[in-house]
Amino acid sequence: MPGVDGTAPAPGTAGLVLAVDAGNSKTDVAVIAADGEVAGTGRGAGFQPPTVGIEAAVDGLADAVRQAFAAAGVTSVAHVSACLANADFPVEEEQLAAALQARGWGQSVDVRNDTFAILRSGIAEPRGVAVVCGAGINCVGMRPDGRTARFPALGRISGDWGGGWGLAEEALWHAARAEDGRGEPTALARTLPAHFGLGSMYALIEALHLEHVEPVRRHELTPVLFATAADGDPVARALVDRLAEEVVTMATVALTRLDLLGEETPVLLGGGVLAARHPRLDIRVRELLAARAPKAVPQVVTARPVLGAALLGLDRVGAGDGVHARVRAYYEGD
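Residues numbered from 1 in each chain as written. Predicted model: local features only at pLDDT ≥ 70, side-chain atom pairs only at ≥ 80, totals over all residues. Heavy atoms only, no water.

Caption draft 1: The overall build of the protein, seen in detail. Within the protein one finds 13 helices and ten strands. Looking at the protein residue by residue over its 334 residues, the buried ones come to 49%. Taking as baseline every contact in the protein between residues at least 6 positions apart, the subset at least 24 positions apart corresponds to 68%. When the accessible area of the protein is evaluated, it comes to approximately 14,600 Å², of which 53% is carbon and sulfur surface. Across the protein, 29 positive and 40 negative side-chain charges occur, with their mean positions spaced 4 Å apart. (Helix = DSSP H or I, 4+ residues; strand = E, 2+ residues; numbered from the N terminus. Buried < 20%, exposed > 50% of the residue type's maximum accessible area, 1.4 Å probe, protein only. Contact = heavy atoms within 4.5 Å. Areas by Shrake-Rupley, 256 points an atom, 1.4 Å probe, with all protein chains shown as cover. Lys, Arg positive; Asp, Glu negative; His and termini not counted. Charge placed at Lys NZ, Arg CZ, Asp CG, Glu CD.)

So this is what it looks like as structure tokens:
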């Protein structure tokens, strides 16, 4: 089997698992040895096959894999466990798995959506539900018997609401209408433009439209929304409360699908928005979960998601508890 550089691996040099966590903005890779040692790591750019195509996206993983293989002194592994952004449907997972298999990085390959990495990183066994709220929002769940629950998580066309980008858009909408009189008053009409040193929503709308403020900078408005809510603005508070409702609705549906609603089950909260633990959002999520899924045990995940990709790979190859524990200790002590 060819290795990352196209050469045949030397006997006895293969690692146990190549763990890949590839998000929209960055990629983390690790080689896990048979004893659970993290033998090599690598880091690369974001993974966006819808933008660049599958082959080019996988090409982009190669640098990080090369780094990890070089540090570990290996040219292949037994199994590749890849948790990838934009792997939203089984057909996409299959296409990505075929592309990874063709690279010869491992004898076997499993591809999952990157939300599964966050879920597995926060639980002791493959049993629980995770809701991730970063730029977008997603939710997955799993049981040890292999059953999973998931959502397409493609935005409004798949029924989603929330995420940092969506919150920023909603905040802009309410602030614009407040300034011109179509909507109710809100301090967002002042705080959003002030973030960019502007005096009015009209000025901010013009700056965004003409790209004097780069479109990508809209995500900076999400923390402004939370700060405005913390200061008591009713419109901003309502948006935060609506996000809490979405988080809990997704979690409750996943628990129900997996027949876990009546059992004590971890519900992991991850991604930049939830991991920030904004007080109103955090408290409201826990209140709603207590009412709708009393046996759910919410916890915020802070470990790097590549840990979850590694643990999923170790689950797949049947590694022992000691191997799992050593990998977890490496990342939780990181």
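Caption draft 2: A look at unusual backbone geometry. Residues other than glycine seldom take positive phi values, yet N86 does so here, at roughly 70 degrees. Position of N86 among the secondary structure elements: in the loop between β4 (77-84) and α3 (90-103). Unusually for a residue other than glycine, E211 sits at a positive phi of about 60 degrees. You can see E211 is positioned in the loop between α7 (201-209) and α8 (221-230).

Caption draft 3: Geometry of the sheet that holds strand β7 (residues 137-142). Read from one edge of the open sheet, five strands run β8-β7-β6-β9-β10, paired in mixed fashion. Each of the sheet's edge strands pairs with one partner strand only, and the pair in question is β8 (148-150) and β10 (296-300). The average angle at which neighbouring strand axes cross in this sheet is 15 degrees, direction not considered. Two strands pair when backbone bridges link them, and strand β6 (residues 128-133) and β7 are joined in this way by six bridges, in the antiparallel orientation. The residue bridging V132 from the neighbouring strand is N138, located in β7. (Pairing = 2+ DSSP bridges. Axes fitted to C-alpha atoms, helices over the stretch in contact; angles between N-to-C directions.)

Caption draft 4: Region of interest: the nonpolar core. L192, L243 and L281 are the most contacted members of the largest nonpolar core, which has 54 residues in total. Looking at this core element by element, the count peaks at twelve residues for helix α9 (residues 234-257). Excluding anything up to four places from it in sequence, L192 contacts A171, L172, A175, M201, L204, L221 and V224. The next biggest cluster of nonpolar side chains, apart from the first, holds 29 residues, and it includes L16, A30, I32 and L314. (Core = buried A, V, L, I, M, F, W, Y, C linked by side-chain atoms within 4.5 Å.)

Caption draft 5: Representation of a nonpolar patch on the surface. Residues F89, V91, L154 and I157 make up a contiguous nonpolar surface patch of about 400 Å² in total accessible area. Position of V91 relative to the elements: it lies in helix α3. (Patch = residues over 30% accessible without salt bridge, like charges linked within 9 Å, V, L, I, M, F, W, Y side chains within 5 Å. Salt bridge = Lys/Arg side-chain N within 4 Å of Asp/Glu carboxyl O.)

Caption draft 6: Broad picture of the packing of aromatic side chains. Overall, the coordinates contain one aromatic pair when judged by the stated rule. A cation over an aromatic ring shows up here: R257 above the ring of F151, its NZ or CZ 4.6 Å from the ring centre. (Phe/Tyr/Trp six-rings, centres within 6.5 Å; stacked < 30°, edge-to-face > 60°. Lys NZ or Arg CZ within 6 Å of the ring centre and 35° of its normal.)

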